[in-house]
Amino acid sequence: MNHAFYLDVNRCVGCFSCAVACMDQNDLEVGTEPTAWRQVFVIETGSGPEARLRYVSLACMHCEDAPCMMACPTGAIARAPATSAVVVNAEICIGCHSCSIACPFGVPRFGKNGTMQKCDLCSIRLENGLEPACVRVCPTRALKQGDPNAMSQEVEKKAAARLAAGS
Amino acid sequence: MDKLQRMIKGKIPGEATGIEVRKSICTICDPQTQCGLDCYVKDGRIVKVEGSLENPHSAGTLCSKGAAQRQWVYHEERLKTPLKRVGPRGSAEFAPISWSEALDTITDNLQRLKAESGPQSVVFYCGYPKHLRPFLQRLAFLYGSPNYCTESSACFTAMSMGWRLVYGQMAAPDLANTKCLLVWTGNPLWAGTPNARRIMDARERGVKFIVVDPRNSPMAGIADVHLKLRPGTDGALALAMANVIISEGLYDREFVAEWARGFEEFKAYAATFSLERAEQITGVPAALIREAALLYATIKPAAMMPSSTPVVHHTNGVQNQRAAAALVGLTGNFDIPGGNVSQPLGWLEVGGAGFPTREHQFKMPLKWTDLPPRLGAERFPVWTDMIDQGQAMDLPRQVATGDPYPLRGLVAFGLNYRMFPDSRGWLEAVDKLDFVCVTDLFLTDSAKHADVVLPACSSVERSELRAYPQKYVVYAQPVIEPLGESRPDTDIIYGLAQKLGLDYQNLDGTAPAMSAPVVAGQQAPTGGFLPNGAPDFGEAFEATLDWILEPSGMKISQLKEHPGGMPVPDPLPVTFKKYEKNGFPTPSGKMEFTSSILEKYSDRPGIDPLPVYAEPRLSPVSAPDVAANYPLILGTGTRLPMFIHSRTFRLPWTRSLRRDAAVDLNPADARRFDISTGDMVELSTPYGSIKVKANVTELAAPGVAHMYHDYPEADVNTLLPGDYLDPISGFPGYKASLCSVKKLGATDGTAQGVKL
């Protein structure tokens, strides 16, 4: 089964639970540099009465045709067969940062030892029937994971209900 | 890595990995949250936490602070032994001592102070968490001191007073059934996450949201109507809305005719708040005020969602809260499905917990009239009439003057002196006390001023009973051994009671007489103490809980069979319009637009039977001469998602989310003062100044500087005078005073700003 994240941007409120749950699951060391695997961004647009603040939680997109996988010279980045997650094997990573250059989402991070680290969609948890830590914790249920088509279907169903309610 | 290694690294629970999921609760914050906590335990150590799915309150969710649990529990600075001060107060020079020596030192001093100055000379204080409060209050009373006080001197109680002055009771919004939610004010999306999903679900079902908030909070962000008012002007806004509702004939005439006291006076007073006047005072456009009033008055049913502090953290706070709360009854939304429903307060003041207890008899074995007058009794008579605690804001005055009697000791659990306005003044008062004992998980800056420090357990190392508004109850038990020699707060209280020779465990019968004092130096009974002298009263504690629970039919042994909690068996039924049978629990038996209780004290400044609107004491309108030099409104304590008071600054995971002490400024104000994000600025009031980073954001209200509290390096409460208090509640005006911001350049010797 293919797994991907889905974020309902209308429900993300910038509470940071997901970011910390990921730190807890993966024993991340966070210092003064932004090495956390899941980041939450505050996007401010407009000003005065038109000002809007929106919140977006992002980690790896686990792309089907992952540019990082293509760019990696050592084959350290591969697709996990059971979950389709894109995962890095730090042991063969040489810290060349090619993945960082290739990734359109700015996902790869580099720890103290210089090797790449990132979200692995909590693959081992998925293999054992458990949700990724970030999804599990989300107070507004903004963050989900699953088969991308199935998740899109759910979103469309809700949109259909809104259309029906409005007509 | 082989499969088992991956499973262990991935913290997969099960026999193969040796990881067991044990149930507990999180008490990092404590405003009726207590999210269910699944602790993944391997070899006696928690390796991961998760929310408990079966807890109907939190349903498997955690906030960023709860998710950082392990960095709280296992922080290297956790106190492992009792400590004795060996240097001057505040020097942080402490030596480890045994529990025996610690408890004996405390009780010897308490007996000495009792003999020299009377037991009322000792103050018993509780910050967070709150599970120990009934036990501490009982200890204080049996010792003979009325001076039991808590951080509720600055949180929740004033909101409760506001509602109770109107209705005699609080009434919570029925979110599940309402069609219109007037949020006045709060942001549970950051500060009360158990309700976050319910709020978003309500939004999705089409519930109309009206949000009153100076900030562009995420709650305001989902509002259909955002009433973005100047801080402290809630009363004017509410009165203008009431005026619209009354003058356009949209109020519940039948309800008001039969159940209201003082409606005609209220109507006449509200009529002085035209929409134009309200716009001038609040900054909210007149048309928007009217739109909000019409929505709230015409959508049926409609509910109001208050929260513990933002409306009452003002020098005019309680009157503002009354005016807002009155809209509920005015529109016929009191005690109806989908409106605000009143339910009895259960264990630890959880509304709608659904089961009766003997908590009141346990925590107050004596009446207030059996004891000398408590802290704040003369200065805050309305507080004293309504709240079963002392008002801790009065401590510095009583220490300084000895009026009505000297204070000489402090026994505190979870003390944070920076909570108080003129925080240094509050601490100086503590330093004048003869004997100070503080129990905490860390050697906090407050604990550094103690003579004896006792190490406390976190929630995962102790047992406690908690109830939830969903009529669910948990008796959480330890999932790991206490770290070092730390002990549960309740064991400490029992140990002190035993050594003081108090009749603490005499639960049945009439109020027990106070025991004869134990002679100082005499050996206390050794029962209930571990070999190292640490108090171990688990059995007595559980027997007490059984006694407290007796009216509910539940027993601790039964609750132990459900580690994640269980629904309350046969919960108290929820009924509506109870006033039709019983009237309102107010002196007049009616909903009081004009308050009987406040009439008693109306000769005092700031106290008026009507919910009179007054400007904050320091506002651009009330103090234009001050505002000339301090042109911004100072708001302190407004919530950030990753912090709770002083507790989570030291956790690397949460601290990484907002590294520096920073003041939130609106871009318009930042431009005015030539300030950019990352600049060091001086934030000043007439009382002092602090140096902090600037964070320029549209989250901040125009004209307001929002500064989070409790930073040791930037204590914003040093900028407020100690008497900047609401005369009715004693609550500080944290959220509206006056300040200035000035960019600090390189010439001031400070480093160039770094991105937050």
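Residues numbered from 1 in each chain as written. Chains lettered and ligands numbered in written order. Predicted model: local features only at pLDDT ≥ 70, side-chain atom pairs only at ≥ 80, totals over all residues. Heavy atoms only, no water.

**Details of the sheet that holds strand β1 (residues 19-25) of chain B**
Residue and element names in this part refer to chain B. Across the sheet, 3 strands lie side by side as β1-β2-β3; this open sheet has antiparallel pairing. A single partner strand is all that each edge strand has here, and the edge strands are β1 and β3 (45-51). Adjacent strand axes in the sheet meet at a mean angle of 30 degrees, parallel and antiparallel pairs treated alike. Looking at chain direction, strand β2 (residues 36-42) and β3 are connected through 6 bridges and run antiparallel. In the sheet register, Val41 faces β3, and the bridge partner there is Ile46. (Pairing = 2+ DSSP bridges. Helix = DSSP H or I, 4+ residues; strand = E, 2+ residues; numbered from the N terminus. Axes fitted to C-alpha atoms, helices over the stretch in contact; angles between N-to-C directions.)

**Some details on unusual backbone geometry**
All names here are of chain B. Following Trp184, the chain continues to Thr185 via a peptide bond in cis, the omega torsion being -15 degrees. Looking at the secondary structure, you find Thr185 in the loop between β9 (180-183) and α7 (188-191). Here the bond from Lys300 into Pro301 is cis, since omega is -5 degrees, no more than 30 degrees from zero. With respect to the helices, strands and loops of the structure, Pro301 is situated in the loop between α14 (286-298) and β13 (302-305). Although it is not a glycine, Gln34 sits at a positive phi angle of roughly 50 degrees. By the secondary structure assignment, Gln34 is in the loop between β1 and β2.

**Considerations on the nonpolar core**
Residues and elements named next belong to chain B. Counting residues in hydrophobic clusters, the biggest one holds 225 residues, and the most contacted among them are Trp184, Met241, Leu327, Leu330, Leu683 and Met707. It is helix α10 (residues 234-247) that contributes the most residues to this core, 10 residues altogether. When neighbours within four sequence positions are excluded, Trp184 is seen to be in contact with Val212, Asp234, Leu237, Ala238, Met241, Met304, Met305, Pro306, Ser307, Val311, Ala324 and Leu327. Among the nonpolar cores identified, the runner-up in size contains 62 residues, and Cys437, Val452, Ile493 and Trp547 belong to it. (Core = buried A, V, L, I, M, F, W, Y, C linked by side-chain atoms within 4.5 Å. Buried < 20%, exposed > 50% of the residue type's maximum accessible area, 1.4 Å probe, protein only. Contact = heavy atoms within 4.5 Å.)

**Notes on the confidence of the model for chain B**
All names here are of chain B. On average, chain B scores 95 in pLDDT, and the residues at 70 or more come to 96%. Contacts of residues 747-756 to residues separated by more than four positions or lying in other chains number 18 contacts, the stretch itself having pLDDT below 50. Note on the complex model: pTM 0.96, ipTM 0.97. (pLDDT = per-residue confidence, 0-100.)

**Concerning the interface of chain A and chain B**
Across the contact, 40 residues belong to chain A and 43 residues belong to chain B. Here chain A meets chain B over a buried area of about 3400 Å², counting both sides, of which 54% is carbon and sulfur. Three residues stand out in chain A for area buried against chain B, namely A:Arg11, A:Asp24 and A:Arg136, and they jointly supply 19% of the buried area on that side. Counting across the chain A and chain B interface gives 10 salt bridges. (Buried area = accessible area lost by both parts, 1.4 Å probe. Salt bridge = Lys/Arg side-chain N within 4 Å of Asp/Glu carboxyl O.)

**Structural notes on helix α12 (residues 263-270) of chain B**
All names here are of chain B. For α12, the complete set of buried residues consists of Phe263, Phe266, Tyr269 and Ala270. Considered in projection along α12, the buried side chains sweep an arc of 130 degrees and stay on one side of the axis. In this fold, the buried residues of α12 make contact with α10, α11 (253-259), β12 (260-261) and α15 (317-330). (Arc of directions from axis to C-beta.)

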